[in-house]
Amino acid sequence: MLCFLCVFSLVFKSVLFKIRNCCILKSFSEMPKNIYNMFIFFCLSLSLNGVFSADAVKSESVTEGESVTLNSGLTEIQINDQIEWRFGHNNILIAKINGKDNTTVFYNDSADGRFRGRLKLDHQTGSLTITNTRTTDSELYQVSSTSTSTDTLLNTFNLTVYARLPVPVIRVSSQNSSSSSSSSSSVAKCVFLCSVVNVSHVTLSWYKGNSLLSSISVSDLSGSISLHLDCLDDSYSCVVNNPISNQTQHLNKPQRCQPCSEFICCCGFTEAVIRLAVSALVGVAAVAVLVYDITSRNPQQKKREQTSPSNSD
């Protein structure tokens, strides 16, 4: 805070000095008070913007395995400059380049050796390139220019490396729900379960065509959502996405819920067995009735045949 006040005071005095020597105005007494205040505020804003603009944190995102370049903000390194790149909140020095002899140094053992063989420096601008990025590279990065008299912060980056997204997996499962007629009875529904595992900071969503049906966001590990399709034939897709990429799995025709298929959509395994048993019993009963009818007709037919000759005599 004390440093801030000191810098503010120096800048303020510098601006006042420039204003006093301005050729446009002969004296401050000739300037209306409100215009004078606005002019002072405008000049202060320009000066403070030059002092503190490097404090703004810039966000960079990349997918794991890709390369990313963090720009130093310089067009050319001066001969007396030394550009240094630091990693994390502890400001660990990971690379530097000397403008005098244009030599580069990479600190392969710093930051637990995570950047070994993966850093490159631009000899003209001092920009840093990280190759074959990993999720553990997600952190703050600072670049500064050090000369014989000053140490200037050039840029600060917040780098986020996202893991590669897997293609969602869709599987069919049955889900029992109580029927409205009786609380003890249950009806199995056809459910398509879309899931992804070992992902972080993603959103998993079900779409019907281009319309969003449902979604869930997960911060780490895994997440899953399910959708009861109700034996419909529309086009559905499951999408997993993070801020920079996405993967989609479509429901193809063989997976779709068939119209009231006995063993897939309308009933579960237990109910299917019960229905099969009932159907078998009905079939056995029908055969028994048919056999009884046939056997009961045979004696009556023989009796008629015996009585027919005697009547003719």
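The rules behind each value
- Residues numbered from 1 in each chain as written.
- Predicted model: local features only at pLDDT ≥ 70, side-chain atom pairs only at ≥ 80, totals over all residues.
- Heavy atoms only, no water.
- Helix = DSSP H or I, 4+ residues; strand = E, 2+ residues; numbered from the N terminus.
- Buried < 20%, exposed > 50% of the residue type's maximum accessible area, 1.4 Å probe, protein only.
- Areas by Shrake-Rupley, 256 points an atom, 1.4 Å probe, with all protein chains shown as cover.
- Pairing = 2+ DSSP bridges.
- Axes fitted to C-alpha atoms, helices over the stretch in contact; angles between N-to-C directions.
- Salt bridge = Lys/Arg side-chain N within 4 Å of Asp/Glu carboxyl O.
- pLDDT = per-residue confidence, 0-100.
- Contact = heavy atoms within 4.5 Å.
- Phe/Tyr/Trp six-rings, centres within 6.5 Å; stacked < 30°, edge-to-face > 60°.

Attention shifts here to the overall build of the protein. Across its full length, the protein carries three helices and 16 strands. Expressed as a percentage of the 313 residues in the protein, the buried residues total 28%. When the accessible area of the protein is evaluated, it comes to approximately 20300 Å², of which 55% is carbon and sulfur surface.

Let us look at the sheet that holds strand β6 (residues 119–121). The three strands lie next to each other as β2-β7-β6, forming an open sheet whose pairing is antiparallel. A strand with exactly one partner marks an edge of an open sheet, and here the two such strands are β2 (68–70) and β6. Across this sheet, the average inter-strand angle for adjacent strands is 25°, counted without regard to direction. Here β2 pairs with strand β7 (residues 128–130) via three bridges, running antiparallel. Considered in β7, the bridge of L70 is made with L128.

It is worth spelling out the pattern of salt bridges at this point. The tally for this structure, following the rule as stated, stands at four salt bridges. Note that R116 is salt-bridged to D109, the shortest N-O span being 2.5 Å. R118 is the salt-bridge partner of D137, the closest N and O atoms lying 2.9 Å from each other. Here R118 lies in the loop between β5 (103–106) and β6 and D137 lies in the loop between β7 and β8 (139–146), a separation of 19 residues in the sequence.

This part covers unusual backbone geometry. A positive phi is found at N91, a non-glycine position, where the angle reads about 55°. Structurally, the position occupied by N91 is in the loop between β3 (82–87) and β4 (92–98). Here N91 falls in the partly exposed class, since its relative accessible area comes to 34%. Even without glycine at this site, N102 takes up a positive phi of about 60°. Residue classification places N102 among the partly exposed positions, given a relative accessible area of 35%.

This part takes up the confidence of the model for the protein. Of all residues in the protein, 59% attain a pLDDT of 70 or more, and the chain-wide mean is 74. Of the regions scoring below 50 in pLDDT, residues 1–13 engages in 10 contacts with residues more than four places distant in sequence or in other chains. Under a pLDDT of 50 for its full length, residues 179–184 has, in the predicted model, four contacts with residues more than four places off or in other chains.

Turning our attention to the pairing of strand β12 (residues 202–208). For a regular strand, side-chain orientation follows a simple rule: the groups alternate between the two sheet faces. Bridge count for β12 against strand β13 (residues 211–218) is seven bridges, and the pairing is antiparallel. Its bridge partner being in β13, T203 is matched across the sheet by S217. Taking the residues that link successive antiparallel strands as the turn, the β12-β13 hairpin has two residues, and the phi of G209 there is positive, at about 65°. Sheet topology note: the β12/strand β15 (residues 236–242) ladder contains six bridges and is antiparallel. Pairing of W206 across the sheet is with C238, part of β15.

What follows is about the sheet that holds β13. The antiparallel open sheet is built from four strands, whose spatial order is β13-β12-β15-β16. Both outer strands of the open sheet, β13 and β16 (245–250), are each paired with one neighbouring strand and no more. Averaged over all pairs of adjacent strands, the angle between strand axes in this sheet comes to 20°, irrespective of strand direction. Here β15 runs beside β16; their pairing, made up of six bridges, is antiparallel. By the bridge assignment, V240 is partnered in β16 with Q247.

The subject of this paragraph is the packing of aromatic side chains. Tallied over the full model, the rule gives four aromatic pairs. Counting every residue linked through ring pairs, the aromatic cluster contains F87, F115 and Y141.

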